[in-house]
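Descriptive analysis of the structure
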Amino acid sequence: QPFGEAFLEDCQALGLRPADLYPKATDYVEAMVEFVSRLEEKGLAYQAEDGSVYFSISSFPKYGRLSRIDPDSVRPGARVSMDEYAKEDVRDFALWKAAKPEDEAAGAAWDSPWGRGRPGWHLECSVMSIAELGETLDIHLGGEDLIFPHHEDEIAQSEGATGKPFVRYWVHVKHLRLEGQKMSKSIGNTVSVGDLITRGHEAAAIRHQLLTAQYRKELNFTMEGLEGSTRAIQRLVDFEARLLCNPVREDASGTEIPEIARTGLERFREAMNDDLNSAEALAALFVFLNEVNAELDRVGGPIPPGDREAGAETLESMDQVLGLLELARLARAVDDTTEDWIEEQIRLRKEARESRDFAAADAIRATLADRGVVLEDSADGTRWKVMK
């Protein structure tokens, strides 16, 4: 339970949209027993002398297609416990495990037609998925380390029981590296989302760095990269503020912004349609940002309302996928009391500058900066923003 809660906290911190359901395996034990019985009735499973029930790999000719592993080449190894030699074939995997004293002590044992026992790891996933999503899933995700044997076993038992394709599309994520090394508790180089946020790193920056590699390509997560992501998020926030605050006028001459927006969104969609290439999508976003900024620099004044709307809509459309600005806004949000205080400090600073008391004006700016508030003076007045 603590691990599940920590996982959900990290998901929330990174702005992941919650799932509709978070099933618990213990609520589906009865369905798991029925599932194993179906496989046994079809001759795809058998009970061994130790009371456990195993899936017969030899009865499922398609075994190994996902991982491109020849089932005849599979040999017992680290994943095969010494107590599993009751199996007919060392390649067979457990659907239902006979209970051991430690299972009973932990309350992880249930009655079944084969005696007291507990479900196998692979079985849990198939039964819960099929119960809630149907016999054929559109998309199944997981880390690359789960392709074999876990997902291979899921396919075998699921398709063996239903006679239907289990999954249409598999999405396997490449492992994450930290500062060039695989994260491992044994060498003490693990880091969590919560750890990074506690150290003062912004959730949007963490999310940005995670998106800088397409999911099937290895990502080397570094503190230097995180600093770069922090700067990228600030650029994004500044761009949105500039675009939304740029003056508009109905009779202003048209700009290239609508065409830049159309092209930018097209590039972005092409990248995401190319097997969720988030790295290229991010590149498309920042090319759009640079081109719009350059156009605003060229114009140097009011633009038509429709042009600004075209740019803002495209930015929002991209961010609905990436979720970066949404997180950044949350991090920079201030309550009404704080906002009133900031506005009052800006008013006092303006008075100090008008009376040529520049020392007082600088002191006010410094006080705001200590609170993470940066001022930007322009011909249209002073704007402020929260820096992270």
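Residues numbered from 1 in each chain as written. Predicted model: local features only at pLDDT ≥ 70, side-chain atom pairs only at ≥ 80, totals over all residues. Heavy atoms only, no water.

Turning to the nonpolar core, a few remarks are in order. Core analysis: the largest hydrophobic core is formed by 42 residues, its most contacted members being Leu 285, Phe 288 and Val 292. Those elements that provide at least two residues to this core are α6 (193-198), α7 (203-210), α8 (223-245), α9 (257-273), α10 (278-299), α11 (305-322) and α12 (324-332). With 9 residues, the single largest contributor to this core is α10. In terms of nonpolar packing, the next biggest core, distinct from the first, is built from 29 residues, Phe 60, Phe 93, Trp 114 and Ile 155 among them. (Core = buried A, V, L, I, M, F, W, Y, C linked by side-chain atoms within 4.5 Å. Buried < 20%, exposed > 50% of the residue type's maximum accessible area, 1.4 Å probe, protein only. Helix = DSSP H or I, 4+ residues; strand = E, 2+ residues; numbered from the N terminus.)

Let's shift gears to a nonpolar patch on the surface. On the surface, Phe 7, Leu 8 and Tyr 22 cluster together into a nonpolar patch covering about 310 Å² of accessible area. With respect to the helices, strands and loops of the structure, Tyr 22 is situated in the loop between α1 (2-13) and α2 (29-41). Among the residues examined, Tyr 22 registers a relative accessible area of 45% and is labelled partly exposed. (Patch = residues over 30% accessible without salt bridge, like charges linked within 9 Å, V, L, I, M, F, W, Y side chains within 5 Å. Areas by Shrake-Rupley, 256 points an atom, 1.4 Å probe, with all protein chains shown as cover. Salt bridge = Lys/Arg side-chain N within 4 Å of Asp/Glu carboxyl O.)

Moving on to the pattern of salt bridges. Counted under the stated rule, the structure contains 26 salt bridges. We note a salt bridge from Glu 291 to Arg 267, for which the minimum N-O separation is 3.8 Å. With a gap of 24 residues between them, Glu 291 in helix α10 and Arg 267 in helix α9 connect regions that are remote in the sequence. Under the relative-accessibility criterion, Glu 291 is labelled partly exposed at 31%. Here Glu 376 makes a salt bridge to Arg 383, at a shortest N to O gap of 3.7 Å. A single network of salt bridges, built from pairs that share partners, joins Asp 238, Glu 376, Arg 383 and Lys 385.

Turning our eyes to something else, we now look at the sheet that holds strand β7 (residues 176-178). Strand order in the open sheet formed by 3 strands is β8-β7-β9, and the pairing between neighbours is mixed. The open sheet has two edge strands, β8 (181-182) and β9 (219-221), and neither has a second partner. Bridging between β7 and β9 involves 3 bridges; their strand directions are parallel. The residue of β9 that forms the bridge with Leu 176 is Leu 219. Relative to the sheet, α7 contacts β7 and β9, its axis offset from that of β9 by approximately 150°. (Pairing = 2+ DSSP bridges. Contact = heavy atoms within 4.5 Å. Axes fitted to C-alpha atoms, helices over the stretch in contact; angles between N-to-C directions.)

Within strand β3 (residues 93-98), 6 of the 6 residues are buried, leaving the element largely enclosed by the surrounding structure. Summarising the sheet, β3 and strand β4 (residues 117-119) pair through 3 bridges and their orientation is antiparallel. By the bridge assignment, Ala 98 is partnered in β4 with Gly 117.

Time to look at the environment of Val 167. Positionally, Val 167 belongs in strand β6 (residues 167-173). Each C-alpha atom, one on Val 167 and one on Leu 137, is 4.7 Å from the other, the two residues being 30 residues apart in sequence. Dropping the residues within four chain positions of it, Val 167 is found in contact with Leu 137, Asp 138, Ile 139 and His 140.

Right, let's get into the sheet that holds β4. Strand order in this open sheet of 4 strands is β1-β2-β3-β4, and the pairing throughout is antiparallel. Each of the sheet's edge strands pairs with one partner strand only, and the pair in question is β1 (45-47) and β4. For this sheet, the mean inter-axis angle between neighbouring strands, taken without regard to orientation, is 20°. With 3 bridges connecting them, strand β2 (residues 53-55) and β3 associate as antiparallel partners. The residue of β3 that forms the bridge with Val 53 is Trp 96. With respect to the sheet, α2 is in contact with β1, β2, β3 and β4, its orientation differing from that of β3 by roughly 125°. Together, β2 and β3 form the strand contacts of helix α5 (residues 147-162), whose direction differs from that of β3 by roughly 80°.

Looking at the secondary structure, you find Val 53 in strand β2. Sequence-wise, Val 53 and Lys 97 are 44 residues apart; in three dimensions their C-alpha atoms are separated by 6.5 Å. Residues in contact with Val 53, not counting those within four places in the same chain, are Val 36, Ala 45, Tyr 46, Gln 47, Phe 93, Ala 94, Leu 95, Trp 96 and Trp 114.

Below, the discussion takes up the packing of α7 against α12. Where α7 contacts α12, the axes come no closer than 8 Å and their chain directions differ by 160°. One element, α7, and the other, α12, form an angle in the roughly antiparallel class. The interaxial crossing formed by α7 with α12 has left-handed handedness. Within the contact between the two elements, α7 uses Ala 203, Ala 204, Arg 207 and His 208 and α12 uses Leu 324, Leu 327 and Ala 328. Across the contact of α7 with α12, the residue classes break down as 5 nonpolar, 1 polar and 1 charged. (Parallel < 35°, antiparallel > 145°, perpendicular 65-115°, else oblique. Left-handed = near helix turned anticlockwise from the far one by under 90°. Nonpolar A, V, L, I, M, F, W, Y, C, P; charged D, E, K, R; others polar.)

Turning our attention to α11. The terminal C-alpha atoms of α11 lie 26 Å apart, and with 18 residues this matches the ideal 26 Å at 1.5 Å per residue to within 8%. When α11 is considered as a whole, its buried residues turn out to be Asp 307, Ala 310, Gly 311, Thr 314, Leu 315, Met 318, Asp 319 and Leu 322. Around the axis of α11, the buried residues are gathered within 160° of arc, so they sit on the same side. Close packing links the buried residues of α11 with α7, α8, α9, α10 and α12. Two residues or fewer after α11 comes Gly 323, characterised by a positive phi angle close to 65°. (Expected span 1.5 Å × (residues − 1). Arc of directions from axis to C-beta.)

Checked against the element boundaries, Phe 288 lands in helix α10. Since its relative accessible area comes to 1%, Phe 288 is described here as buried. Taking the C-alpha atoms as reference points, Phe 288 and Arg 308, 20 residues apart in sequence, are found 13 Å from one another. Here Phe 288 is in contact with Phe 239, Ile 260, Ala 261, Gly 311, Thr 314, Leu 315 and Met 318, once residues within four sequence places are set aside.

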